[in-house]
Every structure is written in structure tokens, then in C-alpha cells.
Amino acid sequence: MENVAPPVVGETMSRAAQSAWMQSLRRETAHIEFVFNNGDEDHPLIGALANLESSRTVGVGPGNGYARPRRAAVKRRYAYSRDIIFALDDLGCFFPDATSKEQWTGLGDVDVVFLDHSGKVLGATVTHEAMIITPGYSDDPKKAIPSEKGPRHR
């Protein structure tokens, strides 16, 4: 399956489109990183992935749409597993459809990064901005494609 192109500017990134984008990255994905912007304690994703090993780092540097480091954020890195894809789908993907009045899906304020075997970013989310970054379509994070709903701040 070929990587699914992100939506054009102004187009809503529906849950189905988010899931299709994520599914399109599966073949090349070796690792998936989660950045829990509000910590990972008692997060439902941690429970859903309890059977998988991960590395845990407190504090992350700039990147994937962020200009500054986030010292309180927690990063978890997992080897690719279909269980991760299923868990993300079960939580409602990355951010709600534009028609939703909810600020977050069950994933909450967690950014997700899909990496290949060499560590190259295949795709990433900036959840509070409802933004998908697909490097093949835009190598400049400032040109990432936001959803129609626009930024959501804490």
C-alpha cells in the first residue's frame, strides 16, 4: 500500500482518513513513538499496550512541529506491532472529526511518530494542532497540513 497523501489545506481530516493514513504507514514502520504531553501515568494507551516492551524517556527535544523542548513530556518508544494500530483505532485515532465538539479522542494530548528501520520519520502528528506531518509531502513542519477545525490549545 502506498502512503496516503495528507488532506489539502482546509480539508477536514476525518477519523477514517486518519486511520487510512496510519494504515498506509504500516508496511515501512519499524518503531512508533508516543509523546505524552501531560505525562503517561494512568493513560489508557499504556494499559492497552502493557504486553509490549517500550523505552521511556522524560523530556523531549524540539521537532515534529515543536520549536522548543518539552521537559515534562514523556516519550515511549515501541517496536512496531499491529496491537499499537488496533489500540490507536480503539481510542478514536489522533484527533476528533471536525464535526465533534470534543477537544480530544481517547488518545488525548499525545503526539505520535512513525519511524522506519533507519529512524527516518515516515509520519507524525501534532495532536493539539490537529495536524498530520508526512515528510514526503512536506519536509518543512511549517507547511504541515492542519485540519479544518484548526488549532486546539490546552
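Relevant structure appears above.
Residues numbered from 1 in each chain as written. Predicted model: local features only at pLDDT ≥ 70, side-chain atom pairs only at ≥ 80, totals over all residues. Heavy atoms only, no water.

Peer 1: If you had to explain the overall build of the chain to someone new, which residues and values would you point to?
Peer 2: Summing up its helical and strand segments, the chain has three helices and seven strands in all. Taken from the N to the C terminus, the helices and strands of the chain come in the order α-β-α-β-β-α-β-β-β-β. Residues classed as buried in the chain amount to 47% of the 154 residues present. Surface summary for the chain: the accessible area is close to 8,000 Å², and the carbon and sulfur share equals 50%. (Helix = DSSP H or I, 4+ residues; strand = E, 2+ residues; numbered from the N terminus. Buried < 20%, exposed > 50% of the residue type's maximum accessible area, 1.4 Å probe, protein only. Areas by Shrake-Rupley, 256 points an atom, 1.4 Å probe, with all protein chains shown as cover.)

Peer 1: How would you summarise helix 3 (residues 82-90) if you had to cite specific residues and measurements?
Peer 2: An α-helical segment advances 3.6 residues per turn. Residues three or four places apart therefore align on the same side. Those residues of helix 3 not exposed but buried are Ile84, Ile85, Ala87, Leu88 and Asp89. Structurally, helix 3 contributes buried residues whose contacts are with helix 1 (15-25), strand 1 (31-36), helix 2 (44-48), strand 3 (70-79) and strand 4 (110-115). Between the side-chain oxygen at the start of helix 3 and the backbone nitrogen of Asp83 there is a gap of 3.1 Å, and the oxygen is on Ser81. (Contact = heavy atoms within 4.5 Å. Polar contact = N/O pair within 3.5 Å; in protein donor to acceptor, adjacent residues only side chain to side chain.)

Peer 1: Tell me about the packing of aromatic side chains, and please be specific about residues and values.
Peer 2: As enumerated under the stated definition, the model contains five aromatic pairs in all. Measuring from centroid to centroid gives 5.6 Å for Trp21 and Phe114, while their planes differ by 90 degrees, and the two rings are edge-to-face. You can see Trp21 sitting in helix 1 and its partner Phe114 sitting in strand 4, a full 93 residues away along the chain. Here the two residues Trp21 and Phe114 agree in accessibility, since each one is buried. Residues Phe94 and Phe114 carry aromatic rings whose centres are separated by 6.5 Å and whose planes lie at 90 degrees to one another, so their mutual orientation is edge-to-face. With a gap of 20 residues between them, Phe94 in the loop between helix 3 and strand 4 and Phe114 in strand 4 connect regions that are remote in the sequence. (Phe/Tyr/Trp six-rings, centres within 6.5 Å; stacked < 30°, edge-to-face > 60°.)

Peer 1: Can you break down the nonpolar core residue by residue, with the values?
Peer 2: Counting residues in each nonpolar core, the largest one holds 27 residues, and the members touching the most others are Phe34, Phe94 and Phe114. Contributions of two or more residues to this core are made by helix 1, strand 1, helix 2, strand 3, helix 3 and strand 4. Sequence-distant contacts of Phe34, defined by excluding residues within four places in its chain, comprise Leu45, Leu49, Val74, Lys75, Arg76, Tyr78, Ile84, Leu88, Val110, Asp111 and Val112. Formed by seven residues, the second largest nonpolar core is a distinct cluster that contains Tyr66, Leu115, Ala124 and Met131. (Core = buried A, V, L, I, M, F, W, Y, C linked by side-chain atoms within 4.5 Å.)

Peer 1: Summarise the side chain of Thr29; cite the residues concerned and give the values.
Peer 2: Structurally, Thr29 is set in the loop between helix 1 and strand 1. For Thr29, a relative accessible area of 7% puts it in the buried group. Engagement of the side chain of Thr29 in a polar contact is seen with the backbone oxygen of Leu25, the distance being 2.6 Å.

Peer 1: Go over the pattern of salt bridges, please, and point to the residues and values.
Peer 2: When the charged atoms of two side chains lie near each other, side chains of opposite charge can form a pair. By the definition in use, this model includes five salt bridges. We note a salt bridge from Arg76 to Asp40, for which the minimum N-O separation is 2.8 Å. Residue Arg76 is found in strand 3, and its partner Asp40 is found in the loop between strand 1 and helix 2; the two are separated by 36 residues along the sequence. Each member of the pair, Arg76 together with Asp40, is buried. (Salt bridge = Lys/Arg side-chain N within 4 Å of Asp/Glu carboxyl O.)

Peer 1: Give me the lowdown on the environment of Pro96, citing residues and values where you can.
Peer 2: Relative to the helices and strands, Pro96 is located in the loop between helix 3 and strand 4. Residue Pro96 is classed as buried on the basis of its relative accessible area, which comes to 11%. Each C-alpha atom of the pair Pro96 and Arg15 lies 6.8 Å from the other, and the pair is 81 residues apart in sequence.

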